[in-house]
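# Geometric and topological summary
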Amino acid sequence: MPFECSQEVISDLERLLTDDEYDVIIYAGENENVKEIHAHSSILRTRSQYFRTSFSKKKDGKVVFKLPNIPPQLFEMILRFIYCGKIDLEKLQEHNILKLLISVNELNIQTLIHYIQQYMINHQDEFLQRNPVEILETSYQHESFTDLRNFTLNKVCEKPEILFKSDKFANLKAPLLELLLKRDDLLLEEIIIWDNLIKWCLAQHSNISQDPTQWNNDDIAIMDRTIHEFIPLIRFYYISSEDFVTKVYPFKDIMPKDLVSNILTFRMAPNKQLNMGIPSPRQSSTNNIDSIVINKKHFAIFANWISRRPCKFKLLYRASRDGNKSTVFHEKCDNKGATIVIVKITNSEQIVGGYNPLNWDSSNSWKFTYDSFLFSFTDRNNFHSAKVGYSYGDAHSIGCHCYGNYGPMFGYSDRGKDFNFYSNTWYSDVNHCYPNVDIPKKFKADDYEVFQVIKN
């Protein structure tokens, strides 16, 4: 039967910290805060890679180390951990724990680096939120602080006000700002991100006017160099037309001309095919859209067609999930306000559908609107294949009929309907209330979804 007395061994090693027989002298700190601390080379070599590779200089037969970057109080805590594996972080003030982490990193004690990061994450959340710039800067400068860096970045994305409303935001280093602007989970509206980017760029050049109309050619060149690397990270297509005109367009001289032109076309001519790549929205712009038919980029296009500004889309109905019956469609979608219907055509990559700015209901009536539209993507993976056609303002623009097997209904004439669901089949008999957007005359669907549209 094996016998262990590990605690006794630990206690004996701890007593060595006060032993008079030592062969290592360490000067921790500098100037008036320097302190001579004694240690044993055999333990240091065994427990620390840093010391194992650093023994060289001797004084009176003893090895001498100078550690000016590590305060004596912190080094004594580190030395105790090296000897007996004990450390008590609760005795330290918040900022000193960060200093301790930096000191431990200098000595390359990996176990303690990980432990201190986890302690800060689990017990110093308020400190991290009060000092996001300092934490980010520190963790970015030290590669081994990955846990702390990722936690702080996640916290800033979750609660961006702790950084973007901080008076130290302007001091954030460019690489860290770039990391944040690349994040899909940064929970800020895109126009607020843009406003803060401009604020940051101006703070780097305090001699330049905050009014871009007052800039001379030199000012424009300086600001262009400052903002250049960040422009591709802003999701301009999710900024409303009003905000773009009033808050973005004034800075057109420091933006790529083709980008400005594409955004203006996107806003002013929604049914024009554009040779542009539309980035995916951040999570805050889409409210974590749940679709098995399309992706976030489609919803960005829909938002532009609907209101020229970001919208949220909430799934109300999916045929494959809820049952492909008209009665279920009305149960799920009636009296929910504006909705968009999205249909995936069987044996095809084509998606078609329509937007109803009014309520669906079971009143067996027709409704008038100019704001509804039909759309088609010949290939859902090719955004340039999109077509949209708005209502002519006919009294039969939207049909609300629950009799028979009718589901969504768009447009009506004596010869048929522009787009409707009836008895598990989709029809596009005429182009009376809407322009032709290349919806097939009759087809089956793999699936169709209806989303409630919530305008911001």
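Residues numbered from 1 in each chain as written. Predicted model: local features only at pLDDT ≥ 70, side-chain atom pairs only at ≥ 80, totals over all residues. Heavy atoms only, no water.

Right, let's get into the pairing of strand 2 (residues 35-39). Of the pairings in the sheet, the one linking strand 1 (residues 24-28) to strand 2 comprises five bridges and is antiparallel in character. What sits directly across from Ile26, in strand 2, is Ile37. Where strand 1 folds back on strand 2, the antiparallel hairpin that results is connected by six residues, among which Gly29 adopts a positive phi of roughly 85 degrees. (Pairing = 2+ DSSP bridges. Helix = DSSP H or I, 4+ residues; strand = E, 2+ residues; numbered from the N terminus.)

What follows is about the side chain of Arg318. By the element assignment, Arg318 lies in strand 5 (residues 311-318). In terms of polar contacts, Arg318 uses its side chain to reach the side chain of Glu449, at 2.8 Å. With near-sequence residues (within four places) excluded, Arg318 lies in contact with Asp290, Ser291, Ile292, Gly323, Asp447, Tyr448 and Glu449. (Polar contact = N/O pair within 3.5 Å; in protein donor to acceptor, adjacent residues only side chain to side chain. Contact = heavy atoms within 4.5 Å.)

Here we come to the domain arrangement of the protein. Domains assigned within the protein are domain 1 (6-86), domain 2 (159-272) and domain 3 (296-455). Each of domain 1 and domain 3 was reduced to a C-alpha centroid, and the two centroids are 74 Å apart. (Domains from an automatic or database assignment.)

Below, the discussion takes up the packing of helix 8 (residues 132-141) against helix 11 (residues 174-181). Close contact between helix 8 and helix 11 brings their axes to 10 Å; oriented N to C, the two are set at 100 degrees. What the angle tells us is that helix 8 and helix 11 run roughly perpendicular. Between helix 8 and helix 11, the contacting residues are Leu136, Glu137 and Tyr140 on the first element and Pro175, Leu176 and Leu179 on the second. For the contact of helix 8 with helix 11, the class distribution of residues is five nonpolar, no polar and one charged. (Axes fitted to C-alpha atoms, helices over the stretch in contact; angles between N-to-C directions. Parallel < 35°, antiparallel > 145°, perpendicular 65-115°, else oblique. Nonpolar A, V, L, I, M, F, W, Y, C, P; charged D, E, K, R; others polar.)

It is worth spelling out the nonpolar core at this point. With 71 residues, the main nonpolar core has Leu172, Trp194, Phe236, Phe302, Phe313 and Ile340 as its most contacted residues. The leading source of residues in this core is helix 12 (residues 190-203), at eight residues. Both domain 2 (159-272) and domain 3 (296-455) contribute no fewer than three residues apiece to this core. Listed in part, the 41 residues of the second largest apolar core include Ala39, Ile78, Phe81 and Tyr119. (Core = buried A, V, L, I, M, F, W, Y, C linked by side-chain atoms within 4.5 Å. Buried < 20%, exposed > 50% of the residue type's maximum accessible area, 1.4 Å probe, protein only.)

A word on the pattern of salt bridges. Think of it this way: side chains of opposite charge can pair up when their charged atoms draw near. Counted by the stated rule, this structure contains 16 salt bridges. Two residues, Glu126 and Arg130, come together in a salt bridge whose shortest N-O distance is 4.0 Å. Of this pair, Glu126 and Arg130 both sit in helix 7 (residues 125-130), four residues apart, which is roughly one turn of the helix. Residue classification places Glu126 among the exposed residues on the basis of a relative accessible area of 59%. Lys182 is paired through a salt bridge with Glu178; the nearest N and O atoms lie 3.4 Å apart. Lys182 gets classed as partly exposed once you look at its relative accessible area, which sits at 47%. Of the residues examined, Glu178 reaches a relative accessible area of 22% and is grouped as partly exposed. Salt bridges here are not isolated pairs; linked through shared partners, they connect Glu94, Glu126 and Arg130. (Salt bridge = Lys/Arg side-chain N within 4 Å of Asp/Glu carboxyl O.)

Another aspect to go through is the sheet that holds strand 11 (residues 398-400). The antiparallel open sheet is built from six strands, whose spatial order is 8-11-12-13-14-15. Of all the strands in the sheet, just strand 8 (365-367) and strand 15 (442-443) have a single pairing partner and so form its edges. Sheet analysis places strand 14 (residues 425-427) next to strand 15, joined by two bridges and oriented antiparallel. For Tyr427, the partnering residue across the bridge sits in strand 15 and is Lys442. The sheet strands contacting helix 19 (residues 326-333) are strand 12 (406-410) and strand 13 (419-422), and the helix crosses strand 12 at an angle near 65 degrees.

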